[in-house]
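Now for the letters of each chain:
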Amino acid sequence: MSEPVTSTHAVKTADVVPDARVERSRGVERLVGGQFVMDGAGVKINRVLTQALQRRLDPFLMLDAFGSDKPGDYIAGFPEHPHRGFETVTYMIKGRMRHRDSAGHEGLVTDGGVQWMTAGRGVAHSEMPEQNEGLMEGFQLWLNLPARDKMSAPWYRDIAAEDVPKLSLASGTVVQVIAGSTHDVAGAVQREGTQPIYLDIELPAGATFDAPLPAGHNAFLYVFRGEVVVEGKGVPQARMAILDNAQGADGVRIKAAQPSRLLLIAGRPLGEPIAQYGPFVMNTQAELVQAVEDFRAGRFA
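In this text the structure is predicted, and so the values were computed from the model without any measurement.

Calculation notes
- Residues numbered from 1 in each chain as written.
- Predicted model: local features only at pLDDT ≥ 70, side-chain atom pairs only at ≥ 80, totals over all residues.
- Heavy atoms only, no water.
- 1 Å grid on protein atoms, 1.4 Å probe; cavity = no way out; pocket = protein on both sides within 12 Å on 5 of 7 lines; lining within 4 Å.
- Points joined across faces, edges and corners; volume = space filled by probe spheres on them.
- Nonpolar A, V, L, I, M, F, W, Y, C, P; charged D, E, K, R; others polar.
- Helix = DSSP H or I, 4+ residues; strand = E, 2+ residues; numbered from the N terminus.
- Buried < 20%, exposed > 50% of the residue type's maximum accessible area, 1.4 Å probe, protein only.
- Pairing = 2+ DSSP bridges.

Novice: Can you lay out empty space enclosed by the protein for me, pointing to particular residues and giving the numbers?
Specialist: Over the atoms a probe the size of a water molecule is rolled, and this reveals where empty space is left. Taken as a whole, this structure holds 1 cavity of 30 Å³ or more when the rule is applied. Every residue along the wall of the largest cavity is listed here: T90, M97, H99, V109, Q115 and E127. Of the residues in the lining of the largest cavity, the class split is 2 nonpolar, 3 polar and 1 charged.

Have a look at this one:
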């Protein structure tokens, strides 16, 4: 498996022309509110993309949104736990998260930074928040691996905020390009198997942003500030909009009803069986049994 490729910081400025990029926009198939759960050592999170949506949003397995100005909600963090068979993408809007793993790696993700981790054949790690003016806000996305890559060597990289490429538009729209590419700006990470697109889009009130999307990709957006409109459908704060796969659509047109900020995430579906047992995601039940046995026997990195 090829490692994720990182890019250097880039800034572009361009005029926004609503029809220049997207001739036909995808619409909103449905809105999802997610469910509040406790994870780790009692951290309160909103699980936006749940297991029930994994087939529909293949290759994505989970999206957690977390945020609080009360340290008691998150300070206990996520003590050591295992993963096998997929990738995690942790994006910190505000606050700091320290990563340690069983292979001896350690890193600190800070405001605006990203950690991209390939669990591959297995790693045990911890993710522990560190105080930053009492604020913590961010997201963790689980991205499936193709069957051929599930037993690859574990890998991870911390990407500082200044190394996440940015697209600045004349309308005042600012886009952080975490993965994939948009408007000729390549993101911080590229993945061959699932070809993910991961954008953080900040829009002034009334601004419109056209995002081209490959026709075969499954796609969704999550609004964490304000409210946006997609093809006449309002998407309010703290809601995920699953975008339809309408034939002939070449992207999505997003308009801000008020100052807004959202994630736009898309990826090429793998179309493979999904077998999940907690932090292990494989293709068969037998592979899950083996994963548990390997972890208990101390065979993870």
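Novice: Explain the layout of surface pockets to me, using residue names and the numbers behind them.
Specialist: Of the pockets and cavities examined, the second largest pocket occupies roughly 270 Å³. Forming the boundary of the second largest pocket are 18 residues, of which N46, A65, F66, G67 and Y222 lie nearest the centre. Broken down by secondary-structure element, the contributors of at least two residues to the lining of the second largest pocket are β4 (43–49), β5 (60–68), β12 (136–144) and β20 (218–225). Of the residues assigned to the lining of the second largest pocket, the class counts are 9 nonpolar, 5 polar and 4 charged.

Novice: Would you mind going over the pairing of strand β15 (residues 174–179) in detail, with residue names and values included?
Specialist: β15 sits mainly inside the fold: 5 of its 6 residues count as buried. Here strand β14 (residues 166–169) runs beside β15; their pairing, made up of 3 bridges, is antiparallel. Note that in β15 the partner of L167 across the bridge is V175. In this antiparallel pair of consecutive strands, β14 and β15, the connection spans 4 residues, and G172 shows a positive phi of 100 degrees. With 5 bridges connecting them, β15 and strand β18 (residues 197–203) associate as antiparallel partners. The residue bridging V174 from the neighbouring strand is E202, located in β18.

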